[in-house]
Amino acid sequence: MKKLVLSLSVLMFALSVAAQDDLMKELEQSQQSDTDYAFQTFKGTRLVNGHTVETKPKSTLEFIFAHRFGPINGGAYEMFGLDQAYVRYGLDYGITDNLSVSIGRNSVDKTSDGYFKYKVMRQSKGSRNMPFTMVLLGGAAYQFSPKKNAAPDGFENIDRLSYVGQLLIARKITPGLSLQLMPTLVHRNAVTQLIEKNDQLALGVGGRIKVTKSVAFTSEYYYRLDVPENSPYNNTFGIGVDIETGGHVFQLVFTNTRGLTERAFITQTDGDFADGDIHFGFNVTRTFQFGQKK
Amino acid sequence: MNKTTLLIIAGIGLGVSLHAQKFSSEKGQISFYSDAAIEDIEAVNNMVGSLFNAGSGDLVYIVKIKDFKFAKSLMREHFNEKYMEIEKFPKSTFQGKLVGFKAGNPGEQKVKAVGKLSIHGVTKDVEIPGTIEFTGGKAVVKSKFMVKLVDYSITIPQLVWQNIAEEIEVRVEFTYKPI
């Protein structure tokens, strides 16, 4: 009899665990499969100099302060570049979760710029499968330099304008690795015809590798297509470290360009990375949230 | 007919009757609250699925981490990416039994939930106090308990200034309807 009681109680226990397992399976089956969207493909809205596929979520405002020093090969006299400074102050705002706008002011060529970024599709898996996130970027920049009375003959205000169109395509391959492709067209209203073109096509590639939960390495390269033979400019390249601390992202970068708007860093980068024309710099962002997110 | 046969029949009968007392909650609520130095962090998930067998007391639930809603979108991103590592551990689950109640008794009854709680890929045997109330054909289960992040290998990243507390308060509320 004892044996029977024992075996019955063992059986009862086994049955109750099995019943819970069954209940769990039943719950799993009753749940609809839904879509998991990739998020935080990059930590910031900028990779090194250019944009990432990240847009600001609805009602969030980001203040960006970007700073580039002079080239390291300036030597001790220039304190290895630290005596010089080129800056961009900017604001990015999320109108919706998929549409951001931004404005900024660059000290290089006294340029004001403005962008819109629209997320056309988001990388996802589950009931909706998308292999990558795709963002359409459009921007315009207006150079206030040279001053009107210093401008050459025939130079009109419309010649101060340039435009950029970009398709940003990114995939978060693993939680630690993201890659991005950036086909780009920069149009400048006025160029020096012998060495430049009004329409410059470029293909950008970039990525990030996460080292810890808050630190990542980034890199970015823009290859200009069909460059005029005697162009004095170089393709822009940059590497960086992203450090995220709560509401801030600090990006420490090394790049061969001073410019922080596409016209400047894609079509008019004069530094040669291999020759030591490397500018140390940083981007610092602070995010503010307006209204309660629901 | 001998005793054993009777027992088996009774057992089957019991099993069938247990089955009939099953309840489900599709939009259960789980929220948590963290007392932090700079900013209190609070999040609510209104999409928790749960099944409850009032006969046996068996209770299971599944929490999709991505359904937690925060006051700030950045908090949600950090919670998903840095604390919960959602891409590796998209769900948190409980599988166990409510003990210490009588199905159908009026008023609030104190119960204990005994079972396995899984958070962030770590499963722990837990005993959680709570209450159950049967009203108007429904069953309402409520609970409030503390979760230590270290117990579930959730690490607070260095360099984060808005540190989350090491222990957070979790509230659970399910309103079950009979299936």
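In this convention, every chain numbers its residues from 1, walking through the sequence in written order. Think of it this way: whatever chain is written first is A, whatever ligand is written first is 1, and the rest follow in order. Residues qualify for local features only when their pLDDT is at least 70, as the model is predicted, and side-chain atom pairs are given and counted only at 80 or more; totals for whole chains, interfaces and linings, by contrast, use all residues. Excluded from the side-chain calculations are hydrogens and water; all other atoms, namely the structure's heavy atoms, are used.

Student: Tell me about the overall build of chain A, and name the residues and values.
Tutor: A count of helices and strands for chain A gives 2 helices and 14 strands. Taken over C-alpha atoms, the radius of gyration is set against a globule rule of 2.2 Å times the number of residues to the power 0.38. Relative to its length of 294 residues, chain A is extended, with a C-alpha radius of gyration of 26 Å against a globular reference of 19 Å. Expressed as a percentage of its 294 residues, the buried residues of chain A come to 46%. Two residues form a contact once any of their heavy atoms are found within 4.5 Å. Residue pairs at least 24 apart in sequence account for 57% of intrachain contacts in chain A once pairs closer than 6 positions are excluded. Note on conventions: DSSP H or I runs of at least 4 residues are helices, E runs of at least 2 residues are strands, and numbering of each starts at the N terminus. Relative accessibility decides the category of a residue: with a 1.4 Å probe and only protein chains considered, values under 20% of the type maximum give buried, values over 50% give exposed, and everything between is partly exposed.

Student: An account of the interface of chain B and chain A is requested, with residue identities and associated values reported.
Tutor: Contacts between chain B and chain A engage 40 residues on the former and 39 residues on the latter. Of all residues in chain B, Glu 81, Glu 87 and Gln 95 of chain B give up the largest surface area on contact with chain A, accounting jointly for 17% of the area buried on that side. What makes a salt bridge here is a side-chain nitrogen of Lys or Arg within 4 Å of a carboxyl oxygen of Asp or Glu, nothing more. At the boundary of chain B with chain A, the tally comes to 9 salt bridges. For Glu 244 of chain A, the salt bridge goes to Lys 82 of chain B, with nearest N and O atoms at 2.9 Å. Polar contact is defined as a pair of N or O atoms within 3.5 Å, subject to the rule that within protein one atom must be able to donate a hydrogen and the other to accept it, and that residues adjacent in sequence are counted only when both atoms are side-chain atoms. Counting across the interface, chain B meets chain A through 16 residue pairs in polar contact (both at pLDDT 80 or more). Only β2 (41–53), β3 (58–64), β4 (69–70), α2 (73–83) and β5 (91–99) of chain B provide two or more residues apiece to the side of chain B that touches chain A. For the side of chain B that touches chain A, the element with the most residues is α2 of chain B, which contributes 7 residues. The buried area of a pairing is the accessible area, by a 1.4 Å probe, that goes missing from both parts when the two are put together, added over both.

Student: Give me the lowdown on the packing of aromatic side chains, citing residues and values where you can.
Tutor: Ring pairs are drawn from Phe, Tyr and Trp, using the six-membered ring of Trp, whenever the two centres fall within 6.5 Å, and their geometry is named by plane angle: stacked under 30 degrees, edge-to-face over 60, tilted for the rest. Evaluated as defined, the whole model comprises 22 aromatic pairs over all chains. Their ring planes at 45° and their centres at 5.9 Å tell us that Phe 52 of chain B and Phe 101 of chain B sit as a pair that is tilted. Taken together, the residues Phe 52 of chain B in strand β2 and Phe 101 of chain B in the loop between β5 and β6 (108–119) connect sequence positions 49 residues apart. Among the aromatic residues, those joined into a cluster by ring pairs are Phe 23, Phe 52, Tyr 61, Phe 94, Phe 101, Phe 134, Phe 174 and Tyr 176 of chain B. If you follow Arg 286 of chain A out to its NZ or CZ, it ends over the ring of Phe 288 of chain A, 5.8 Å from the centre. Geometrically, a charge over a ring is one whose NZ (Lys) or CZ (Arg) sits within 6 Å of the ring centre while staying within 35 degrees of the ring normal.

Student: I'd like a description of the sheet that holds strand β7 (residues 133–143) of chain A, backed by residues and values.
Tutor: Read around the closed barrel, the 12 strands follow the order β2-β3-β4-β5-β7-β8-β9-β10-β11-β12-β13-β14 (chain A); overall the barrel is antiparallel. For this sheet, the mean angle separating the axes of adjacent strands, direction not counted, is 20°. A pair of strands is labelled paired if DSSP reports no fewer than 2 bridges between them. Between the N-to-C directions of two axes lies an angle of 0 to 180 degrees, each axis being a line fitted to C-alpha atoms and, for a helix, fitted only over the stretch in contact.

Student: Give a description of empty space enclosed by the protein that names residues and reports values.
Tutor: All names here are of chain B. Grid points spaced at 1 Å over the protein atoms alone were grouped into cavities, where a 1.4 Å probe fits but cannot get out, and pockets, open sets with protein on both sides within 12 Å along at least five of seven lines, with lining residues defined by an atom within 4 Å of a point. Grid points are joined across faces, edges and corners, and a volume is the space filled by probe spheres set on the points. Per the counting criterion, the structure on display carries 6 cavities of 30 Å³ or more. Space inside the largest cavity adds up to approximately 290 Å³. In this structure, the largest cavity is lined by 20 residues; those nearest its centre are Phe 32, Met 84, Ile 119, Ile 168 and Val 170. Counting residues per element, the ones that place at least two in the lining of the largest cavity are β1 (22–34), β3, α2, β6, β8 (138–148) and β9 (167–178).

Student: Which residues make up the pattern of salt bridges, and what are the values?
Tutor: As enumerated under the stated definition, the model contains 23 salt bridges over all chains in all. Via salt bridges that share partners, Asp 34 and Asp 36 of chain A together with Lys 64, Lys 66 and Asp 67 of chain B belong to a single interconnected network.

Student: So what about α2 of chain B? Which residues, and what values?
Tutor: Residues and elements named next belong to chain B. Most of α2 sits inside the fold, with 9 of its 11 residues counted as buried. Of the positions making up α2, those classed as buried are Ser 73, Met 75, Glu 77, His 78, Phe 79, Asn 80, Glu 81, Lys 82 and Tyr 83. Just downstream of α2, Glu 85 is the residue with a positive phi angle, here 45°.

Student: Break down the pairing of β9 of chain B for me, with residues and values.
Tutor: Side chains on a regular strand alternate between the two faces of the sheet. Residue and element names in this part refer to chain B. Where β1 and β9 come together, 7 bridges link them in antiparallel fashion. Across the sheet, Gln 29 pairs through a bridge with Glu 173, a residue of β9. Sheet topology places β8 next to β9; 10 bridges connect them, and they run antiparallel. Counterpart to Phe 145 in the pairing with β9 is Val 170.

Student: Any details on the nonpolar core? Residues and values, ideally.
Tutor: Ile 30, Phe 32, Phe 52, Tyr 61, Phe 68, Leu 98 and Leu 117 of chain B are the most contacted members of the largest nonpolar core, which totals 45 residues. Not counting residues up to four positions away in its chain, the partners in contact with Tyr 61 of chain B are Met 24 and Leu 27 of chain A together with Ile 30, Val 48, Gly 49, Ser 50, Ser 92, Thr 93, Phe 94, Leu 117 and Phe 174 of chain B. Here, nonpolar core means buried Ala, Val, Leu, Ile, Met, Phe, Trp, Tyr and Cys residues that are tied together by side-chain atoms lying within 4.5 Å of each other. Core analysis: the second largest hydrophobic core is formed by 15 residues, Val 53, Tyr 115, Met 182 and Phe 265 of chain A among them.

Student: Explain the layout of surface pockets residue by residue, including any values.
Tutor: Quantified by volume, the largest pocket comes out at close to 1,300 Å³. Lining the largest pocket are 46 residues, and of these Tyr 37, Ala 38, Phe 39 and Arg 122 of chain A together with Arg 76 of chain B lie nearest its centre. Those elements giving two or more residues to the lining of the largest pocket turn out to be β1 (35–37), β6 (124–126) and β8 (161–174) of chain A together with β4 and α2 of chain B. Under the scheme applied here, ten amino acids are nonpolar (Ala, Val, Leu, Ile, Met, Phe, Trp, Tyr, Cys and Pro), four are charged (Asp, Glu, Lys and Arg), and all others, including Gly, are polar. For the lining of the largest pocket, the per-class residue count stands at 12 nonpolar, 14 polar and 20 charged.

Student: Got a sec to walk through a nonpolar patch on the surface? Specific residues and values, please.
Tutor: Residues and elements named next belong to chain A. On the surface, Leu 181, Leu 185, Leu 201, Leu 203, Val 205, Tyr 221, Tyr 223 and Leu 225 cluster together to form a nonpolar patch covering roughly 650 Å² of accessible area. If you list the elements that add at least two residues to the nonpolar patch, you get β9 (177–188), β10 (199–210) and β11 (215–224). Among the elements that line the nonpolar patch, the one with the most residues is β10, at 3 residues. Relative to the elements of secondary structure, Leu 181 occurs in strand β9. Like charges are joined within 9 Å and nonpolar side chains (Val, Leu, Ile, Met, Phe, Trp, Tyr) within 5 Å, but only among residues with over 30% relative accessible area and no salt bridge; these make up the patches. Where accessible areas are quoted, they stem from the Shrake-Rupley method and a 1.4 Å probe; at the residue level, only the protein chains shown are allowed to cover.

Student: I'd like a description of the UniProt feature "domain: DUF5777" (unreviewed entry) in chain A, backed by residues and values.
Tutor: Using the residue numbers shown here, the UniProt feature "domain: DUF5777" (unreviewed entry) corresponds to residues 42–288 of chain A. Helix makes up 2% of residues 42–288 of chain A and strand 54%. Its end C-alpha atoms lie 18 Å apart. UniProt positions are given in the numbering used here, feature names are shortened, and annotations may be inferred rather than shown by experiment.

Student: Tell me about the pairing of β6 of chain B, residues and numbers included.
Tutor: Residue and element names in this part refer to chain B. Of the pairings in the sheet, the one linking β5 to β6 comprises 7 bridges and is antiparallel in character. The partner of Val 99 across the bridge, within β6, is Lys 112. Bridge count for β6 against strand β7 (residues 122–135) is 12 bridges, and the pairing is antiparallel. Bridge pairing in β7 links Glu 108 to Glu 133. Taken together, β6 and the strand that follows it, β7, pair antiparallel across an intervening segment of 2 residues, in which His 120 is found at a positive phi of about 55°.

Student: Please set out the environment of Gly 176 of chain A residue by residue, giving values where relevant.
Tutor: Secondary-structure assignment places Gly 176 of chain A in the loop between β8 and β9. Once the C-alpha coordinates of Gly 176 of chain A and Gln 40 of chain A are considered, the two residues, 136 residues apart in sequence, prove to be 10 Å apart.

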